Amino acid sequence: MNPLILSIVFVAYLLLLFFIAFKAEGWKWKGRKVTSLPLVYALSVSVFCTAWTFYGSLGSASTGSLNFLAVYLGPTIMAPLGFLLLKKLVRVCKLQQITSLADLISSRYGKNISLGSIVTICCFIGIVPYLSLQLKAISESFRILGGYSFDYKGVDTIALVISFILIGFTVLFGSRKTLTSEQHSGLLAAVAFESVVKLFVFLLAGLIISYLAWNSLSAGLNTDGIISGFASFFKEKESIPFNFGDWFWVALISGFASILLPRMFQINVVENDSEHNLTHSVWVFPLYLLLINIFVLPIAYAGYLFLGNNTITDYTLLLLPLKYNLPWLAVFVFIGGISAATSMVIVETIALSTMFSNSLVIPFLARQANSNSKISSIGNITLFIRKFGVFFTILSAYLYYEFVSHYTSLISIGLISFVSVAQFAPAVFGGLYWKSGNKFGALSGILVGFVVWFFTLIVPSLAQNDILSRDIIDYGLFHLVWLKPNSLFGLDGWGSIAHASFWSLLFNFGCYIIVSVWTNQTEEEKAQAELFVDIFKYSEVYESSVVYKGVAYIPDVKALLANFVGDVRANNLINAFSKRHKIENDISAKADPRMVAFVERTLSGIVGSASSRLMVATVVKEEEVSVQELMGVLKESQNLIALNNELKRKTFELNNTKSVLEETNRKLIQLDELKDDFLTTVTHELRTPITSIRAFSEILYDNPDMELEDRQHYTNIITRETERITRLIAQVLDLEKYESGRQKLHLTRFDLYDIVINVIEGMQQLVAEKQVNINVAEFSYVVVADEDKITQVLINLISNAVKFVPQNTGEITIDSTLDKGLIKLVVSDNGKGIDPQFHELIFDKFYQAENQTIRKPKGSGLGLAICKKIMQLHGGDISLRSILGEGSEFTIVFPIKREN
Amino acid sequence: MYKILLADDEPNILLSLEFLMRKNGYNVFIARNGSEAMEIINRDKPQLVVLDIMMPDIDGYQICTHIKSSKELSDCKVVFLSAKAKESDIKKGLEIGADAYLTKPFSTRVLMQKISELLK
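These numbers were taken from a predicted model, which means no experiment stands behind them.

This part takes up the overall build of chain A. The helix and strand inventory of chain A stands at 33 helices and 13 strands. Taking all 900 residues of chain A together, 44% fall into the buried category. Excluding contacts between residues fewer than 6 apart, the proportion of contacts in chain A whose partners are at least 24 apart in sequence is 81%.

Below you can see the structure in the form of C-alpha cells.
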C-alpha cells in the first residue's frame, strides 16, 4: 500500500483526535458536559488495553497459549475489590490534591522526598520499555502495510517521527495548565473516543475474518470438522502445559496493574471528577475486556490456517485482511492499532511527566529554595519542566526501542512492566489500610522488590543478548546455585513472570511489614497515616480543621501561591477560601492556619506534596504539630458537626409537632364551623313550617267568618306543617346517631327485589294520584344487609322521584346489577332534573350554611344526607347523575354480603 | 289599587300571604322563585315587593339590588321576609336599600301595618 496514503490516514486520525481533545470541553449531551458523563469516563478506563492487547494477544494465542487471558481475568476479578480501593484512593487524593502515584506514596509516608523520587525512577525503569512497545507497534504496523522491510539499517526514522508527533500532542494537551487538580477533560474525551475506535475495529475485523475463514473452511469440511480442527489447534500447539501458578500470578499482577500503572492511576484517580464514576467503570471496564477478547481465538486459528507458520504472529490481525485482499479493512486495523498505542502513550506520558516534575525535579529545586524569589523562579519553570518530562519520557522510550527491544515479543515486555508497578502494591494498599506502615518499610519494600524484579526479569534478557555473561543464568550470581535468576532459591516449574512476581512481592511485602514494625513513625507520618486510613471519617471536616502551630502573614502566603498561579488567580482563590470559611482576609493580618493548609494543598496539586510542604515552610515559622493535637482538632470538628446535626434533627421534630398541632387545631375549628352551619340549617328548616303555622293561626283567629272549606284547608296545612317539624326533629336525631357512630346495622338475609316491590306498594296512593309509570326490571339478589335501613333509602329515593316527575307522564325505572360482589341499584326518573351545582351538596346535611343564599331544591331535607350515611355504614355509597330538564338518576352501591 | 308582588319558594307561606293581601284589597302577583319575581317586577312594576331571601335561583338580595338601582322602579318598596334572622343579615338587607326587614315566623298584623305605612 502506498505509504503516502498511510501517512495521510495517520495524520488525519491524529488531527481528529486533536479536534476532539480541543473541542470536547464545550460539548453537551442532554444538558450535561460530555466530558463529565460517567460513560465517557468509564470508556477512558479502557486505556488499559494498549497495542499489546490489540496485536499482542493474537501473537500469544497464535503460539497456542491461552495464558494471555489471565491478563484480562485479573482486572475483571479485581474490579469489585478495586472499586472499594479506588473509592478510598479518590477520596484521599481529592482532599490532599495528590496528582500522581509517586506523590501518593510520598504523601502517605510523611511527604517524604526520597520516597517520591525512588517511586518515580522505578516507574521510569518499569514503564519506558512498555512505552517503546507502543512505538514499535505503530512503526511495525506501518511497515507491514507500507510494504517496507523489517531489516532496515540504522535508525528507524518512522518510529522517530512518530515519537516527535506524540511528544507534540502530549505537550499540547498534557501540560497546558499547571493549576490544581491536573485534570484534562478534553483529553479524557479523546481517550474515550480511542477506546471506542479500538473496540469497534477489533470487533469489525473479528466478524469479517471469522466469517471469511468459516466460509473457506466449510467448502471442504463439515461443521464438526471445523470445530475439532479448532480445538486440536490449541491442544497441539500448547507448548507449556496449563499451570495454575502462572495463571494465578499473571492474573494477580494484572489486577494490581489495572490500578497501579501510572496511566491507570491517572484515569482512575487524577482525571476522575466524581467517585460516582466508579460505579459505572466497575462494570463497563470488565465488559470491555470481554468484548475485545471475544474474537482472539477465531482470528488466531484463521491466522494459523491461512498465513502459515513463518510469519510475525503479532500482526495476524493486519496480515489476514491483506491476505483476503481487503486493504480497507487493513487500514481500519491500522487505525485501531494507532488508537490503542497513542492513547496509552499520551496518558502514560502525562502521568510520568507529572511524577518527573513534581516528585523528582521540583523537590530537588525546592529543597534549595529558601526565599520567595527562588520559589518564584521555580514557578516560572514548572511548565517547562513538565514539558521536558514529556520529551524525556517519549524520547527514552524511542531510544529503548531503537537499541534494546528488537528481540522481544510484545507480550513479554508488557508483563515485565506489570511486575514492576506491582512493587508499589504493598506501599499503596498497606498505606490505605494499615496505620503502622511507615516510610522505612515502604522504602525498603520497594527497593528490595525492584532489585528482585531486575534480577529475575531484566538480568536474564541482558544475559541472553550477551550484555551480561550467560554464566549468571546457568550457574547463578557469584556462581551460587540458589541465586539463578530463573529459579531463585531453587524455585522451578513456573514461568518467568510467575517466578519473578512471587519472589519480588514476597520480599517486598516482607520488608514493608517487618521494617515498619521495627522502626518508628514521625509525627507528620502518623498524622498522614491517620488521615489516609480513616479518610471517610474525616473527609467532611478535613478542609476546616488542619492545624498549624506557627505564624504566617497573608501577603507572604498569597505571594507564594501567586508564583504558580499568577497574582489574579491567587487573589481569587484566597478570597474565595476566606469567604467560604469566614476567615479574616486583611493585608496585615496573620494567615489563619486553615488558609495556610489550603495554600499547601493547592500547591500540592501543582508541584506535589513534598515540594509544597517545603515551600510553605519558607513562609511559616512552624512548630511541629503532634498527631494528638491534629486528631484533637479533627475530633472536635466532628463533634461540632454531630452537635449541629442533632440540633437540626431537634428543630425538625419541633417543626413536625408544631404542624401536627396546627393541623389538629384547624380540624377542630372546622368541626366547630360545621356544627354552627348545621345549627343554622336546622333552625332555618324549623322556621319555615313554624312561619306557616303562625300565619295561618293568626289568619284563622282574625277571620272568624271564614268559609268552612277554607278553614278546613288552612287547619289541614297547620297539621301537615306540624308533622313536617316532627319529621325534621326525628331526622336530626337519626343523623346524630350516625354521626356519633352509635347507629348499628341489624343484618338479615333478604331479596332486594322484594324490598323494592314492598316500597312501591306502600306508595300506591301517591303513585296513582300522579299517574306515574314505575318500571321495575326483573332481578333477584339475596343480600345480607340491614333490611329496615335499605328500605328507608329506597323510600327516600322513590318518593323523591315520584315527587319530581311531571303529572300524568311520569316515568320511573328501577334496575339492579351485580358486579364483583357489589350490588348496584339505579332509580331513574324523567323529572325536572337537578342543577349540577347541587350534585355534591344534595347529600350534605349542611346545605344552608352561613353565607349561602341559594337554596337546595325543596323537599330533600335531611333525607339524602341520611341515605348517604346508611350506604356508608354498609360499606357502599350513593351517587347522582342528572341533566337539568331531562331527569335524574340516583345510584346506590353496596356489597352483596355485609360482614359484621 | 296597589300592586304587590309576593316572592317565596314555600307554597304554604305564599298562600297565607296571598290571603292577607287580597283581604286588604291589594292587587296580588305571585312568584315561586327568583327569576319569576324578576320577570314580574320588570313587567308589572309593583309598588311593593315582599321578598324571601333564600330562593332556588336568584336570591332576594340580588332582586332588591336590582330594584333599588333601577330608575324605572324608584317607587317600588321592598320588604324582606326571611328566615335569616341574624343581626348581620338584617343589617345587610337594609344596607342594600330594603324599606323593611321582617323575620320568619312573622306577625301578620305587624306585616300588614308595615305595608300600609310604606304605601301611604
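Walk down a regular strand and you will see the side chains alternate between the two sheet faces. Residue and element names in this part refer to chain B. Two strands pair when backbone bridges link them, and strand 4 (residues 77-82) and strand 5 (residues 100-103) are joined in this way by 4 bridges, in the parallel orientation. Looking at strand 5, one finds that V79 is bridged to A100. For the handedness criterion, the β-α-β arrangement of strand 4, helix 4 (residues 87-95) and strand 5 is classed as right-handed.

On to the sheet that holds strand 11 (residues 822-829) of chain A. Residues and elements named next belong to chain A. The 5 strands lie next to each other as 8-10-11-13-12, forming an open sheet whose pairing is mixed. Pairing within the sheet leaves two strands with one partner each, and these edge strands are strand 8 (773-776) and strand 12 (877-883). Across the sheet, the mean angle separating the axes of adjacent strands is 15 degrees when strand polarity is ignored. The pairing of strand 12 with strand 13 (residues 887-895) spans 7 bridges and is antiparallel. By the bridge assignment for strand 13, S879 is matched with T891. Most of the contacts of helix 30 (residues 752-762) go to strand 8, to which it runs at about 170 degrees, and overall it touches strand 8, strand 10 (811-819) and strand 11. Its contacts with the sheet put helix 33 (residues 863-873) on strand 12 and strand 13, and the angle it makes with strand 12 is roughly 135 degrees.

This paragraph deals with the confidence of the model for chain B. Put simply, chain B has an average pLDDT of 91, and 100% of its residues get 70 or more. Under the prediction, the complex receives an ipTM of 0.95, its pTM being 0.62.

Residue and element names in this part refer to chain B. One open sheet holds the 5 strands; their spatial order is 2-1-3-4-5, and the pairing between them is parallel. What marks the edges here is a single partner per strand, and that holds for strand 2 (27-31) and strand 5. Here the average twist between neighbouring strands, direction ignored, is 20 degrees. Relative to strand 3 (residues 48-51), strand 1 (residues 3-7) runs parallel, the two sharing 4 bridges. From the neighbouring strand, L5 faces strand 3, where its bridge partner is V49. Against the sheet, helix 5 (residues 108-118) contacts strand 3, strand 4 and strand 5, and its axis sits at roughly 170 degrees relative to strand 5.

In this section: unusual backbone geometry. Residues and elements named next belong to chain B. The step from K104 to P105 runs through a cis peptide bond, and the omega angle for that step is -10 degrees. With respect to the element layout, P105 can be found in the loop between strand 5 and helix 5. At K45, a residue that is not glycine, the phi angle is positive and equals roughly 45 degrees. Summarising the element assignment, K45 is placed in the loop between helix 2 (34-44) and strand 3. Judged by C-beta crowding, with 15 C-beta atoms within 10 Å, K45 ranks as partly exposed.

Here the focus is the pairing of strand 1 of chain B. Residue and element names in this part refer to chain B. Strand 1 sits mainly inside the fold: 4 of its 5 residues count as buried. When strand 1 meets strand 2, the two strands line up parallel, connected through 5 bridges. Looking at the pairing, L5 lines up with F29 of strand 2. In this region the chain leaves strand 1, passes through helix 1 (residues 11-23) and returns to the parallel neighbour strand 2; the handedness of that crossover is right-handed.

On to the nonpolar core, then. Ranked by size, the top nonpolar core spans 198 residues in total, and within it I105 and L260 of chain A carry the most contacts. A per-element tally of this core places helix 15 (residues 327-368) of chain A first, with 22 residues. If near-sequence neighbours (up to four positions away) are discounted, I105 of chain A is found in contact with L115, G116, V119, F424, A427, V428 and A442 of chain A. In terms of nonpolar packing, the next biggest core, distinct from the first, is built from 39 residues, L6, A37, I63 and I115 of chain B among them.

The next subject is the interface of chain A and chain B. The interface is formed by 19 residues belonging to chain A together with 18 residues belonging to chain B. Residue assignment for the side of chain A that touches chain B shows that the elements contributing at least two residues are helix 28 (627-702) and helix 29 (708-740) of chain A. In terms of residue count, the dominant contributor to the side of chain A that touches chain B is helix 28 of chain A (11 residues). Here the side of chain A that touches chain B is built from residues that sort into 7 nonpolar, 6 polar and 6 charged.

The rules we used
- Residues numbered from 1 in each chain as written.
- Chains lettered and ligands numbered in written order.
- Predicted model: local features only at pLDDT ≥ 70, side-chain atom pairs only at ≥ 80, totals over all residues.
- Helix = DSSP H or I, 4+ residues; strand = E, 2+ residues; numbered from the N terminus.
- Buried ≥ 20, exposed ≤ 12 C-beta atoms within 10 Å, placed from the backbone.
- Contact = placed C-beta atoms within 7 Å.
- Pairing = 2+ DSSP bridges.
- Right-handed = clockwise from strand over helix to strand, strands pointing away.
- Axes fitted to C-alpha atoms, helices over the stretch in contact; angles between N-to-C directions.
- pLDDT = per-residue confidence, 0-100.
- Core = buried A, V, L, I, M, F, W, Y, C linked by C-beta atoms within 7 Å.
- Nonpolar A, V, L, I, M, F, W, Y, C, P; charged D, E, K, R; others polar.

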